[in-house]
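Below are the chains, spelled out letter by letter.
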Number of protein chains: 2
Amino acid sequence: MRKLINNPDAVVEEMLRGLALVNPGVRLEPESRVIGRKDFGKKVGLVSGGGSGHEPTHAGYVGPGMLDAAVVGNVFASPSADAIVKGIEMANGGMGVLLIVKNYSGDIMNFGLAAELARDLGIEVAEVIVKDDVAVPDSTFSTGRRGVAGTIFVHKLAGAAAEAGLNLFEVTRVAQKAIDNVRSFGVSLSSCVLPAVGKPGFEMADDEMELGMGIHGEPGLERVKTMIAFEAAEYMIGKILIDLDYRDRECAVMVNGLGGTPLMELYIMAAEVDKLIKKRGLDPIRYYVGEFMTSLDMVGASISILRLDDELKQYLFAPADTPGLKEKGKCWRCQ
Amino acid sequence: MRKLINNPDAVVEEMLRGLALVNPGVRLEPESRVIGRKDFGKKVGLVSGGGSGHEPTHAGYVGPGMLDAAVVGNVFASPSADAIVKGIEMANGGMGVLLIVKNYSGDIMNFGLAAELARDLGIEVAEVIVKDDVAVPDSTFSTGRRGVAGTIFVHKLAGAAAEAGLNLFEVTRVAQKAIDNVRSFGVSLSSCVLPAVGKPGFEMADDEMELGMGIHGEPGLERVKTMIAFEAAEYMIGKILIDLDYRDRECAVMVNGLGGTPLMELYIMAAEVDKLIKKRGLDPIRYYVGEFMTSLDMVGASISILRLDDELKQYLFAPADTPGLKEKGKCWRCQ
């Protein structure tokens, strides 16, 4: 097994210890596996989470301008409702807490239950469900579309709205607006290897590509011979643009690596995407290229496109300081 | 071939177009393959470069607080002296230019020649050579130690010194001080696949690990059975600490992925490194975990440790805003 790990059953605990090292502004609750901000002012709290194996999602997005707590489950498995309640408590600054949940059955169930339990504790809790993946209408672990890398935009925009002092109703509105305006599609060139399994979940030939594969290796639309970057980008962009009308609109574009694909190839994909969407009338004003929501060591990439208006643009460019995403805000050198 | 590329012979041009998209503060000179800052004040210019395939190194570090230009060669091949001269001209703000060069024969020759040519054009040029890899005394492409991920610290510290307005002599002194205080060691669990070749440069069994492999797949110290993360970290730390006395000193630690290793494993490595170096009397005050200097899709990781004093610490924490490394400086929310 080509992995730098110790005990396969301890990868989550050990990974979280490492993550806490790079982000001195957080504390780790090892029992419940929550990463939460140490200090934040009176504001709406933002909580996300889900199975691990998607780093830096979600624990890497805890910090000023994004999440206040992330609750981390086992590899590809939802955290427990009890752990999520702990996260809600850590994120509660007295103005209520918004849960940002990707649309997978386990997460829907456990975050929903946790919301009820937290309300019983007197905390005001709202919830949004991200379902940005246009690949398949239903999937192995989801009824309805899956939530994938577009979730990072929801963290960013809702996070900025919360930092701006908006109330729970308004922050929830901004999060839902982000969800309504983002679409994603991914392709993979390999399975991923779960630490506890030690071999690929399924076999893919060296010259095969899965179009629309999920971030847990769920089946996509079809298995084809490997496309070149231009063909893959054209296919993905086609699927995204047919689902939402982006014409003549400013947008932000994320080209996300799934764990095993190097940055060089993500930049090549970004260059293709840029040519294609400009030809289709989109106005891309910001690119994010890198690993934002991975699938262990899977080879592949996803594209997410966020349609912007003035309000979303303002929150997109607001400052953020997390290991997974940093945004300087208006000044970077005003010391 | 599990790669999202188009023409294997065009990966560098296409990758640079994508990189320019994520960094609106730069312009790309496609002919000479230089990425340079559009605007910078009167300051010492910083130029680095080398073969591509190591993204975000070096072109991803062009921006405020780090490099002013990066010159990009073919995959694993040095850029030409003419291209480097172009980079020097782009980075020249009237206070001279410092070249930060990794110790590989091709780079040494071409950057050295470019420095001479630029001096003939009336530009004051200084040069530092990074040789942080303690694995082997000489290597396939180097006489003396190889330059690897510790180079990013040199970019950061010299970049901050240049932004602070220091003159060429002083910026060069800071860069050399960074070089004198950083050591690195890497391990790999696979070869990498060159786009133009399409298959691994050599075979490694699934249960093998190369200790001290170079970032172009150059041989390391030995091939062993795969170690667990703790054992690998202990071995790597041992090699680094025997080479430089870090005891009772503050330090910055980089755990760098080589392209095919997911963030989860890098965090696990970081947690091991932290335990080990604290036991040995080091005081780690800052961790960098992610992909900073890759080797295409190679599976593996390197550790770099920078020994700090008050001067280096000040430059380490100064603001920077590049795709590869962002540092907020003292304020992130002063809008």
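Numbering of residues starts from 1 in each chain and follows the order in which that chain's sequence is written. The lettering of chains begins at A and the numbering of ligands begins at 1, in the order of writing. Reporting of local features is limited, given that this is a predicted model, to residues whose pLDDT is at least 70; pairs of side-chain atoms are given and counted only at 80 or more, and all residues count toward the totals for whole chains, interfaces and linings. Just so you know, side-chain values use all the structure's heavy atoms and leave hydrogens and water out.

**Student:** Provide a residue-level description of the packing of helix H2 (residues 81-91) of chain A against helix H3 (residues 105-120) of chain A, including the pertinent values.
**Tutor:** All names here are of chain A. Axes here mean lines fitted to C-alpha atoms, for a helix over just the part in contact, with angles spanning 0 to 180 degrees between N-to-C directions. In this text, helices come from DSSP runs of H or I with a minimum length of four residues, and strands from runs of E with a minimum of two, each type numbered from the N-terminal end. Closest axis-to-axis distance for the H2/H3 pair is 8 Å, and the angle between their directions is 55°. Considering the angle they form, H2 stands oblique to H3. The handedness of the crossing between H2 and H3 comes out as right-handed. Across from Ala81, Asp82, Ile84, Val85 and Ile88 in H2, the residues of H3 making contact are Asn110, Phe111, Leu113, Ala114, Ala115, Leu117 and Ala118. Taken together, the residues that form the contact of H2 with H3 break down as 10 nonpolar, 1 polar and 1 charged. Working rule for angles: under 35 degrees goes down as roughly parallel, over 145 as roughly antiparallel, 65 to 115 as roughly perpendicular, anything else as oblique. Each crossing is labelled by how the near helix is turned from the far one, with a counterclockwise turn of less than a right angle marking it left-handed and a clockwise turn marking it right-handed. In what follows, residue pairs with any heavy atoms lying within 4.5 Å of each other are defined as contacts. Note on residue categories: nonpolar means Ala, Val, Leu, Ile, Met, Phe, Trp, Tyr, Cys or Pro, charged means Asp, Glu, Lys or Arg, and polar means any other residue, Gly included.

**Student:** So, the interface of chain B and chain A: which residues are in play, and what are the values?
**Tutor:** Listed per partner, the contact involves 70 residues of chain B and 70 residues of chain A. Salt bridge, as used here: a side-chain nitrogen of Lys or Arg that lies within 4 Å of a carboxyl oxygen of Asp or Glu. Where chain B meets chain A, there are 6 salt bridges. A salt bridge links Asp206 of chain B to Arg2 of chain A; its shortest N-O distance comes to 3.5 Å. Nitrogen and oxygen atoms within 3.5 Å of one another constitute a polar contact, given that in protein one can donate a hydrogen and the other can accept it, and given that sequence-neighbouring residues count only through two side-chain atoms. Run the count over chain B and chain A and you get 18 residue pairs in polar contact (both at pLDDT 80 or more). For the side of chain B that touches chain A, the secondary-structure elements that each account for two or more residues are helix H1 (11-22), helix H6 (229-241), helix H7 (263-279), strand S11 (283-290), strand S12 (300-307) and strand S13 (320-321) of chain B. When the residues that make up the side of chain B that touches chain A are grouped by side-chain class, the tally is 39 nonpolar, 12 polar and 19 charged.

**Student:** Describe the nonpolar core, with residues and values.
**Tutor:** Buried residues of nine kinds, namely Ala, Val, Leu, Ile, Met, Phe, Trp, Tyr and Cys, make up a nonpolar core once their side-chain atoms join them within 4.5 Å. Throughout, exposure labels follow a simple rule: accessible area from a 1.4 Å probe, protein chains only, divided by the maximum for the residue type, with under 20% read as buried, over 50% as exposed, and the rest as partly exposed. Membership of the largest hydrophobic core comes to 106 residues, with the highest contact counts inside it found for Ile305 of chain A together with Leu98 of chain B. Ranked by the residues each element gives to this core, the list is headed by helix H7 (residues 263-279) of chain A, at 10 residues. If we ignore the near neighbours within four places in the chain, the residues touching Ile305 of chain A are Asn181, Val182, Arg183, Ile237, Ile240, Leu241, Tyr246, Cys251, Ala252, Val253, Ile277 and Leu282 of chain A. Counting residues in hydrophobic clusters, the runner-up holds 104 residues, among them Val44 and Tyr61 of chain A together with Tyr267 and Ile268 of chain B.

**Student:** Residue-level account of the pattern of salt bridges, with values.
**Tutor:** Residues and elements named next belong to chain A. Within this structure, the stated rule accounts for 52 salt bridges over all chains. Taking the shortest distance from any N to any O, the salt bridge between Asp245 and Arg247 comes out at 3.1 Å. Residue Asp245 is classed as partly exposed on the basis of its relative accessible area of 41%.

**Student:** Requested: an account of the packing of aromatic side chains, with residues and values cited.
**Tutor:** Residue and element names in this part refer to chain A. In summary, the pairing rule links any two rings of Phe, Tyr or Trp, Trp by its six-membered ring, whose centres are within 6.5 Å, and it sorts them by plane angle into stacked for under 30 degrees, edge-to-face for over 60 and tilted for everything else. Using the criterion set out here, one finds 6 aromatic pairs over all chains in the structure. Ring plane angle 80° and centroid distance 5.5 Å describe the contact between Phe153 and Tyr288, whose orientation is recorded as edge-to-face. With a gap of 135 residues between them, Phe153 in helix H4 (residues 151-163) and Tyr288 in strand S11 (residues 283-290) connect regions that are remote in the sequence. Judged by its relative accessible area of 3%, Phe153 falls in the buried class. For Tyr288, a relative accessible area of 5% puts it in the buried group. Between Tyr288 and Phe292, the ring centres sit 6.5 Å apart and the planes meet at 80°, which makes this aromatic pair edge-to-face. Counting every residue linked through ring pairs, the aromatic cluster contains Phe153, Tyr288 and Phe292.

**Student:** Explain H3 of chain A to me, and be specific about the residues and the numbers.
**Tutor:** All names here are of chain A. To estimate the expected span of a helix, subtract one from its residue number and multiply by 1.5 Å. Over its 16 residues, H3 runs 23 Å from end to end, which matches the ideal 22 Å to within 8%, given 1.5 Å per residue. Listed as buried for H3 are Asp107, Asn110, Phe111, Ala114, Ala115 and Ala118. Seen from one end, H3 has its buried residues packed into an arc of 145°, which puts them on one side. More than 90 degrees from the buried face of H3, the exposed residues found are Met109 and Asp120. On its buried face, H3 is in contact with strand S3 (45-52), H2, strand S5 (97-102) and strand S6 (125-130). Two residues or fewer after H3 comes Gly122, characterised by a positive phi angle close to 90°. The directions from the helix axis to the C-beta atoms form the arc being described.

**Student:** So what's going on with the confidence of the model for chain A? Which residues, and what values?
**Tutor:** Do not read the fine detail of predicted coordinates wherever pLDDT is low. Summary statistics for chain A give a mean pLDDT of 95 and a share of 98% for residues scoring 70 or more. Reported for the predicted complex are a pTM of 0.97 and an ipTM of 0.96. pLDDT: the predictor's confidence for each residue, scored from 0 to 100.

**Student:** Tell me about the sheet that holds strand S3 (residues 45-52) of chain B, and name the residues and values.
**Tutor:** Residues and elements named next belong to chain B. Whether two strands pair depends on DSSP finding at least two bridges between them. Strands sit in the order S1-S2-S4-S3-S5-S6 across an open sheet of 6 strands; the sheet is mixed. Pairing within the sheet leaves two strands with one partner each, and these edge strands are strand S1 (26-29) and strand S6 (125-130). For this sheet, the mean inter-axis angle between neighbouring strands, taken without regard to orientation, is 20°. Alignment of S1 against strand S2 (residues 34-37), held across 4 bridges, turns out to be antiparallel.

**Student:** Report on the relation of the copies chain B and chain A, specifying residues and quantitative values.
**Tutor:** To line up the copies, we fit them by least squares on C-alpha atoms, keeping just the residues with pLDDT of at least 70 in both. Least-squares fitting of chain B to chain A yields an RMSD of 0.0 Å, with the transformation described by 0.0 Å of translation along the axis and a rotation of 180°. Both copies are brought into coincidence by an operation consistent with a two-fold rotation axis. Across chain B, the rotation axis passes nearest the C-alpha of Gly260 of chain B, at a separation of 2.2 Å. A symmetric contact is evident, with 100% of the interface residues of chain B recurring at the interface of chain A.

**Student:** Now, about the domain arrangement of chain A: what can you tell me, with residues and values included?
**Tutor:** All names here are of chain A. Partitioning chain A into domains gives domain 1 (13-180) and domain 2 (182-334). Relative to domain 2, the C-alpha centre of domain 1 lies at a distance of 21 Å. Taken residue by residue, the interface counts 49 residues in domain 1 and 48 residues in domain 2. Between domain 1 and domain 2, a total of about 3800 Å² is buried, with carbon and sulfur atoms accounting for 66% of that surface. Accessible surface is computed with a 1.4 Å probe, and the buried area is the amount of it that two parts give up when combined, taken over both parts together. Looking at the side of domain 1 facing domain 2, the largest losses of area belong to Phe76, Phe153 and Lys156, adding up to 18% of the total buried there. Across the pair Glu311 and Arg173 runs a salt bridge whose closest N-O atoms are separated by 2.7 Å. Between domain 1 and domain 2 we count 23 residue pairs in polar contact (both at pLDDT 80 or more) in total. Mapped onto the side of domain 1 that touches domain 2, the elements with two or more residues apiece are helix H1 (11-22), H4 and helix H5 (168-180). Per-element tally for the side of domain 1 that touches domain 2: the top contributor is H4, with 7 residues. When the residues that make up the side of domain 1 that touches domain 2 are grouped by side-chain class, the tally is 26 nonpolar, 13 polar and 10 charged. Each domain's extent is set by a domain assignment, obtained either automatically or from a database.

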